[in-house]
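Residue-level structural notes
Residue strings, one per chain:
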Amino acid sequence: MYEHCPHCGLRYEIEPGYFIGAMYVSYAFSGGLALVLGFILFYFFGDPDGWIYVGVIAPAMLLIAPVNFRMSRVVWLHFVAGIKYKKGL
């Protein structure tokens, strides 16, 4: 992430360690994905062996990691700091 917005100069990291709270948002995103994939495997694929759960869920977590990293920070900024997106600026 940029330290400052290239358009308006807004400093994203309001205080040192500000994005530690975004880790909780990231945890919720990852946990939600793991639960959904786990339920899909359980109900639609007849409760396969444990290694299949790991083989499906672990790569999914790795694939969403870059998106999860950025989205958790955006959600944290939006809800905690009150920063809003204004289209066209």
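The paragraphs below set out a description of the structure included in this document. Counting restarts for each chain, with residues numbered from 1 along the sequence as it is written. Whole-chain, interface and lining totals are the exception, using all residues; otherwise, since this is a predicted model, local features are given only for residues with pLDDT of at least 70 and side-chain atom pairs are given and counted only at 80 or more. Neither water nor hydrogens contribute to the side-chain values; these are computed over all heavy atoms in the structure.

In this section: unusual backbone geometry. A positive phi angle, near 50 degrees, is found at Asp47, a position not held by glycine. By secondary structure assignment, the location of Asp47 is in the loop between helix H1 (22-44) and helix H2 (50-81). Starting at the N terminus, helices and strands are each numbered in turn, a helix being any DSSP run of H or I of at least four residues and a strand any DSSP run of E of at least two.

Moving on to the packing of H1 against H2. Interaxial angles span 0 to 180 degrees and are taken between N-to-C directions of axes, which are lines fitted to C-alpha atoms, for helices over the stretch in contact. Where H1 meets H2, the axes come as close as 8 Å, and the angle between the chain directions of the two elements is 150 degrees. In the crossing of H1 with H2, the sense of the turn from one axis to the other is right-handed. Less than a right angle of anticlockwise turn of the near helix away from the far helix marks a crossing as left-handed, whereas a clockwise turn marks it as right-handed.

Right, let's talk about the side chain of Ser72 for a bit. Of note, Ser72 is situated in helix H2. Polar contacts, as used here, are pairs of N or O atoms within 3.5 Å; protein pairs need one atom able to donate a hydrogen and one able to accept it. Residues neighboring in sequence count only if both atoms are side-chain atoms. A distance of 3.1 Å separates a polar atom in the side chain of Ser72 from the backbone oxygen of Phe69. Between two residues, a contact is recorded if the distance between any of their heavy atoms is within 4.5 Å. Once residues within four sequence positions are removed from consideration, Ser72 is found in contact with Ala22, Val25, Ser26 and Phe29.

The next thing to look at is H2. To estimate the expected span of a helix, count its residues, drop one, and scale the result by 1.5 Å. Here H2 contains 32 residues, and its C-alpha end-to-end distance of 41 Å is more than 12% below the 46 Å for a straight helix at 1.5 Å per residue. The sharpest bend along H2 comes to roughly 50 degrees, located at Ala65, with the proline Pro66 sitting one to four residues further on. For H2, the complete set of buried residues consists of Tyr53, Ile57, Ala60, Asn68, Ser72, Arg73 and Leu77. Those residues of H2 hidden inside the fold are in contact with H1. The bend reported for a residue corresponds to the angle between axes fitted to the seven residues ending at that residue and the seven starting there. Partly exposed residues are those whose accessible area sits between 20% and 50% of the maximum for their type, while under 20% is buried and over 50% is exposed, using a 1.4 Å probe and protein chains only.

Our focus in this paragraph is H1. Helix length check: H1, at 23 residues, gives a terminal C-alpha distance of 33 Å against a target of 33 Å (1.5 Å per residue), a fit within 8%. Within the sequence span of H1, burial applies to Ala22, Val25, Ser30, Leu37, Gly38 and Leu41. With its phi angle positive at about 70 degrees, Gly46 sits one or two positions after the end of H1.

Given the relative accessible area of 4%, Ser72 is considered buried. Taking the C-alpha atoms as reference, Ser72 lies 17 Å from Arg11; in sequence the two are 61 residues apart. Within polar-contact distance, the side chain of Ser72 engages the backbone oxygen of Asn68 at 2.9 Å.

Another point: the nonpolar core. Put simply, a nonpolar core is a bunch of buried Ala, Val, Leu, Ile, Met, Phe, Trp, Tyr and Cys residues held in one set by side-chain atoms that sit within 4.5 Å of each other. Grouped together as the largest cluster of nonpolar side chains are six residues: Cys5, Tyr12, Tyr18, Phe19, Ala22 and Leu77. Once you skip the residues sitting within four places of it in the chain, Ala22 turns out to touch Ser72, Arg73 and Trp76.

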